[in-house]
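# Topology and contacts: notes
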Amino acid sequence: MEGESGHYIDGEWVDGAGTETFESVDPATGESLGEYPTGTDEDVDRALAAADEAFEEWRSMSYIDRAEVLWDVYHELRDRTDELGEIVTRECGKEISEGRADVVEAAHMVEWAAGNARHPHGDVVPSEIASKDSFMRRKPRGVVGCITPWNFPVAIPFWHMAVALVEGNTVVWKPAEQTPWCGEVVAEMLADAGVPDGVFNMVQGFGEAGGTIVDDPRVDTVLFTGSAAVGHEIASRVGGEPGKLAACEMGGKNAVVVTANADLDVAVHSAVMSSFKTTGQRCVSAERLIVHTDVYDEFKERFVDLAESVAVGDPMDEDTFMGPLVDASQVEKFGRYNDLAREEGGTVLVDREELGADEIPDGGEDGAATAADGERSDGYANGHWVGPFVYEIDYNPQDPKRVLQEEVFGPHVALVEYEGDIADAVAIQNDSDYGLAGAIISEDYREINHYRDHAELGLAYANLPCIGAEVQLPFGGVKKSGNGYPSAREVIEAVTERTAFTVNNSTDIEMAQGLSADITTEDD
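To keep things clear, this report deals only with the structure shown in the data block. All values reported here derive from a predicted model rather than from experimental measurement. (Residues numbered from 1 in each chain as written. Predicted model: local features only at pLDDT ≥ 70, side-chain atom pairs only at ≥ 80, totals over all residues. Heavy atoms only, no water.)

### Examining the overall build of the protein
Stated precisely, the cut-off is as follows: Numbered from the N terminus, helices here are DSSP runs of H or I no shorter than four residues, and strands are runs of E no shorter than two. The reference for a compact globule is 2.2 Å times residues^0.38; the radius of gyration itself is calculated from the C-alpha atoms. Between buried and exposed lies partly exposed: a residue is buried under 20% and exposed over 50% of the maximum accessible area for its type, with that area taken using a 1.4 Å probe on protein chains only. Contacts between residues were defined by any pair of non-hydrogen atoms, one from each residue, lying within 4.5 Å. To measure how exposed things are, a 1.4 Å probe is used in the Shrake-Rupley method; for residues, cover is taken only from the protein chains shown.
The helix and strand tally for the protein stands at 14 helices and 23 strands. Whereas a compact globule of 524 residues would reach a radius of gyration of roughly 24 Å, the protein reaches 25 Å, a difference of no more than 12%. In terms of its C-alpha atoms, the protein occupies a principal-axis envelope of roughly 95 × 60 × 40 Å. Among the 524 residues that make up the protein, the fraction classed as buried is 56%. Within the protein, contacts between residues separated by at least 24 positions form 76% of all contacts whose residues are at least 6 apart in sequence. Summed over its atoms, the accessible surface of the protein is roughly 21,600 Å², and 45% of this surface lies on carbon and sulfur atoms.

### Regarding a negative patch on the surface
Condition: Residues forming no salt bridge and having over 30% relative accessible area are the ones grouped into patches, like charges within 9 Å of each other and nonpolar side chains (Val, Leu, Ile, Met, Phe, Trp, Tyr) within 5 Å. The term salt bridge refers to a pairing of a side-chain nitrogen on Lys or Arg with a carboxyl oxygen on Asp or Glu at a separation within 4 Å. Note that His is not counted, nor are the chain ends; the positive residues are Lys and Arg, and the negative ones are Asp and Glu. For charged residues, the charge sits on one atom: NZ in Lys, CZ in Arg, CG in Asp, CD in Glu.
A cluster of like negative charges, contributed by D294, D297, E301, D305, E308, D394, E417 and E419, occupies part of the molecular surface. By residue number, the principal contributor to the negative patch is helix α10 (residues 293–309), which donates five residues. Considering the arrangement of structural elements, one finds E301 in helix α10.

### Comments concerning the sheet that holds strand β5 (residues 123–125)
To be explicit about the condition: A pair of strands is labelled paired if DSSP reports no fewer than 2 bridges between them. Between N-to-C directions, angles cover 0 to 180 degrees, with each direction set by a line fitted to C-alpha atoms, over the stretch in contact for helices.
In spatial order, the strands read β5-β6-β23; together these three strands make up an open sheet with antiparallel pairing. Two strands lie at the open edges of the sheet, namely β5 and β23 (496–504), each paired on one side alone. On average, adjacent strands in this sheet sit at an angle of 25° to one another, irrespective of strand direction. The sheet contact formed by β5 and strand β6 (residues 132–140) spans three bridges and is antiparallel. Note that in β6 the partner of V125 across the bridge is S134.

### Looking at the packing of aromatic side chains
Heads up, the condition is: Two rings belonging to Phe, Tyr or Trp (six-membered ring only in the last case) form a pair when the distance between their centres is within 6.5 Å. Interplanar angles under 30 degrees mark stacking, angles over 60 mark edge-to-face geometry, and anything in between is tilted.
All chains considered together, the criterion is met by 12 aromatic pairs. Relative to Y36, the ring of F22 lies with its centre 6.1 Å away and its plane at 40°, an arrangement referred to as tilted. Taken together, the residues span a long stretch of sequence, with F22 in strand β3 (residues 21–25) and Y36 in strand β4 (residues 32–37) at a distance of 14 residues. With respect to class, F22 is no different from Y36; both count as buried. Arranged with centres 6.0 Å apart and planes meeting at 90°, the rings of W150 and F409 form a pair that is edge-to-face. Of this pair, W150 sits in the loop between β7 (143–147) and α5 (155–166) while F409 sits in the loop between β15 (389–392) and β16 (412–418), and the two are 259 residues apart along the sequence. For the pair shown, W150 and F409 are each scored as buried.

### Quick word on the nonpolar core
The following threshold applies: By nonpolar core is meant a set of buried Ala, Val, Leu, Ile, Met, Phe, Trp, Tyr and Cys residues that side-chain atoms within 4.5 Å join together.
Ranked by internal contacts, the top residues of the largest apolar core, which has 106 residues, are L77, F158, F200, V258, L289, F299 and F303. At 10 residues, the largest contribution of residues to this core is made by α5. If we skip the residues at most four places from it in the chain, F303 touches V268, A271, V272, S275, F276, L289, V390, V413 and L415. Ranked by size, the runner-up nonpolar core spans 23 residues in total, among them A47, I147, V172 and I234.

### A closer look at the packing of helix α2 (residues 63–79) against α5
When two helices pack together, you describe them by how their axes are tilted relative to each other and by the distance separating the axes. Put simply, the test is: Working rule for angles: under 35 degrees goes down as roughly parallel, over 145 as roughly antiparallel, 65 to 115 as roughly perpendicular, anything else as oblique.
Viewed as axis vectors pointing N to C, α2 and α5 meet at an angle of 150°, and their least axial separation amounts to 8 Å. The orientation of α2 relative to α5 falls into the category roughly antiparallel. Counted together, Y63, R66, A67, L70, V73 and L77 of α2 and F158, A162, L165 and V166 of α5 form the full contact between these two elements.

### Observations regarding the sheet that holds strand β12 (residues 254–258)
Here seven strands make up an open sheet; going across it, the order is β14-β15-β16-β13-β12-β18-β19 and the pairing mixed. Across the chains shown, the open sheet's two edge strands, defined by having one partner strand only, are β14 (347–351) and β19 (459–462). Within the sheet, the average angular offset between the axes of one strand and its neighbour, ignoring direction, is 20°. By the bridge criterion, four bridges tie β15 to β16 in an arrangement that is parallel. Residue pairing across strands places F389 opposite H412, the latter belonging to β16. This element, helix α11 (residues 328–343), spans β14, β15 and β16 of the sheet and lies at about 20° to β15. Set on the sheet, helix α13 (residues 445–454) makes contact with β12, β18 (437–441) and β19; between it and β18 the angle comes to about 165°.

The following block contains the structure:
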């Protein structure tokens, strides 16, 4: 690891007030990638004080001047895509094309935010009164607290921060504790681009630091991407503070619907991508495949064949499809839900939870079980290796199964057979507390349109995987999956206030709705 280290507060790299540190660990090898200071309440207080102090001067700059800072970041992201992609892959374990895509997505978000600075902002709205001009204008909210996850450690921070900064807010950011190196790289880029002191601040650490950001009255908006449990706690805490806002995106129990009219080549390809990319560790990953009985057997055979053979390996290898899980706790959770699937009556079709010695990347065959076993040796045996786990299970709304309701965040996939029409499939899709992402595979446009109109989702796809969002579209969910859009283009709603502004161009006062503007007195 090279470069600056520590927290970035008020334009300086600092060790912080505490003495405790934590390590970043390569999930493929168990190798330490660096040591980082654990943020304290005092560190967060200093960062928030800097952001609060810097706000008025930053907001007074033009959109164009604020965006110029971001353009330097954009060019660095594009110029260093391969290098930064390798850092992403080493620190969170997703295969190298995904590591590079993470950086490209960050560049796209910065490009969109900075380019938007030269686009129209607000609206000119007609008035009933010819002599009046009415406008809708946006103003920055103030200090924005950003808390981001490990699985997109470069992209999602910029999903939160790029628009927030261009719109005139200041930022205090806590990266995920699993990916502090990526956090450091992002902070270096913003510092090198010339963000004024205090406008951007980063505090490394754990949930305690994030909680301090959430609870501080100087924070006007909290942007959070992560687990439902933490997100709902944040929303609950912020909801009791007048004027404060939390926008949270919180995962899902996503599904791909395969109808009787599906192209099965598209269906199988989309299902494998949706379920196993990033080793199932995307908030939009599919853990349910809802397949019509007419095509179920053929789909199952083809999907199972690929799940049994999909390449698990060194994430730095271009031929790898799935890298490791991020840490031992995810391995343990994956195994726990696999056991639950059996207990709840699932029939196991693919069980690669414990990979064989020949499936672990070269250099670690002697310790090939998994890192969760605690039997580690050298090289890749220290990694958190698992393969797909696939099972079929009956759906019964009167006997709900936890494995069809709870997010696993791993390559754990249930096949559910259904009869009837598209309404029946959508009913199964919607039988979840979550509502983030989903896809329908069908050649019938009527089925696609029914799904579009009735699936309870924030992100919906047709004849595609349910992953792969683009920054110029909203990103967020409904129901338990979210209470706003903390990411991509719609984050602008969370980081700005809208003001309806009306100007009278006449010396007379004339009111809308026919309201009389005459002032009468007792003498009239």
